[in-house]
Amino acid sequence: MATSSDPSAASRCLDCGTDRVGPWCHKCGQPAPQPLRFTRIAGDLFEHLTDLGRAPGIADTVRRLTVRPGTAIGAWVDGQRGSLVNPVKYAFLMLTVLAVTVGLTGTDAGRGLGLEERSAIEQKALAVTNALLAYLSFISLLVVAVVQRWLFRGRRAMMENYAFQLFVGGHLAILTTLAVLAGLLESPAGLATLTLVSLAYMIAALAGYHASGGPGLVAKGIVVFASSIFALNVLGVAPANLAHHLGLLDWLAGRLV
C-alpha cells in the first residue's frame, strides 16, 4: 500500500486507484487533489455554474446564441456538447441575473400593463412572484417543449426541444435584464418592443434549429412564443390567486414589511 512517502502515491488516483497521467485521471476523470481553501471552493462553485475558464466559455456561448442561435443549439443537441455551455447552467445563470436585477431595481412590469392601482399587499406578493417566475421557467418550458414537439412533428424529440427552450429562455433573460436596466418594462412601449424582439428571436432560432422557413414557420413561432408566456403566467398567477383566497397574502405582507 502506498504511503505519503511513496512517490507513486502522488500520481495515483485516490478515487479509483488508477495511475494518473497528468492532472486528470484518464479512467474516472477526477482531477489531482488540491489543498482545500475557501477561495478554491468558491471558485469551483462559480466555475460549475458558469463554465467560465472552460471551453467554450460563457462569452462564446452568448455570442453563438446571438449570431446563429438555431444552428448553434442544433449542433449541441446533435452531439457537439463542447460547443456551448450546458443549457441548464446557462438558463440558471441568466435567469438568476434577471431575478437579482429585478429585485435590486424594484422594477414593476405591472406599470407597463396599466396595473398601477394595486394594494400594498398585492404589490408585495407580486414582487415575490416576479422573483420566483425566473425559476418557474424550468417547469413552464417543459410545456413549451411539448407544444414545439407537436408543431414540428418528427423533427426533434421532446427533451431535445426542452434543451432548445432552455437555451432560448436563458438568452431572452439577458435581453430582459437589459430592458430592466433601461427602464423599458415600466412603459407600454418598452414592453411591446421587448415582446416583439423576443418573438423575432424565437422565430429566428426555430428557423435554424428545425431548418424551416416561410409563413408557416412564423405562425408556429408565434404559437410557441405565446405558449411560453401562457404557461409561465399560469404557474405564476395561479399560486398568487390561491394564496389570496386562502388569506395567505396578508400573512406574507406582514412578513415582508
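In case you missed it, the structure is sitting above this.
### As for the overall build of the protein
Within the protein, the secondary structure is distributed over nine helices and zero strands. Out of the 257 residues belonging to the protein, those deemed buried represent 35%. Nonlocal contacts in the protein, meaning residues at least 24 apart in sequence, comprise 63% of its contacts between residues at least 6 apart. Of the roughly 14,600 Å² that the protein leaves accessible, carbon and sulfur atoms contribute 67%.

### Structural notes on the packing of helix 2 (residues 58–67) against helix 3 (residues 69–77)
Packing of helix 2 against helix 3 leaves a shortest axis separation of 5 Å and a crossing angle of 120 degrees. By the criterion of interaxial angle, the relationship of helix 2 to helix 3 is oblique. Contact residues: helix 2 offers R64, L65, T66 and V67, while helix 3 offers P69, A72 and I73. The residue makeup of the contact of helix 2 with helix 3, split by class, is five nonpolar, one polar and one charged.

### Quick look at the environment of V143
By secondary structure assignment, the location of V143 is in helix 5 (residues 120–151). Of the residues examined, V143 reaches a relative accessible area of 44% and is grouped as partly exposed. Here the alpha-carbon distance between V143 and S227, two residues 84 residues apart in the chain, equals 7.8 Å.

### Focus on the environment of T105
The residue T105 is located in helix 4 (residues 87–105) in this model. Residue T105 is classed as partly exposed on the basis of its relative accessible area of 41%. Here the alpha-carbon distance between T105 and V180, two residues 75 residues apart in the chain, equals 7.9 Å. If we ignore the near neighbours within four places in the chain, the residues touching T105 are V180 and L181.

### A word on the packing of aromatic side chains
The tally for this structure, following the rule as stated, stands at three aromatic pairs. A ring pair is formed by W76 and F167, whose centres lie 5.5 Å apart and whose planes are at 80 degrees; its orientation type is edge-to-face. Note that W76 is positioned in helix 3 and F167 in helix 6 (residues 158–181), a separation of 91 residues in sequence. Of the two residues, W76 and F167, neither departs from the other in class, the shared state being buried. An aromatic cluster is defined as three or more aromatic residues linked by ring pairs; in this entry it consists of W76, Y90 and F167. The cationic tip of R81 hangs over the ring face of W76; the distance from NZ or CZ to the ring centre is 4.5 Å. Looking at K220, its charged tip hangs above the ring of F152, at a distance of 4.9 Å from the centre.

Rules used in this analysis
Residues numbered from 1 in each chain as written. Predicted model: local features only at pLDDT ≥ 70, side-chain atom pairs only at ≥ 80, totals over all residues. Heavy atoms only, no water. Helix = DSSP H or I, 4+ residues; strand = E, 2+ residues; numbered from the N terminus. Buried < 20%, exposed > 50% of the residue type's maximum accessible area, 1.4 Å probe, protein only. Contact = heavy atoms within 4.5 Å. Areas by Shrake-Rupley, 256 points an atom, 1.4 Å probe, with all protein chains shown as cover. Axes fitted to C-alpha atoms, helices over the stretch in contact; angles between N-to-C directions. Parallel < 35°, antiparallel > 145°, perpendicular 65-115°, else oblique. Nonpolar A, V, L, I, M, F, W, Y, C, P; charged D, E, K, R; others polar. Phe/Tyr/Trp six-rings, centres within 6.5 Å; stacked < 30°, edge-to-face > 60°. Lys NZ or Arg CZ within 6 Å of the ring centre and 35° of its normal.

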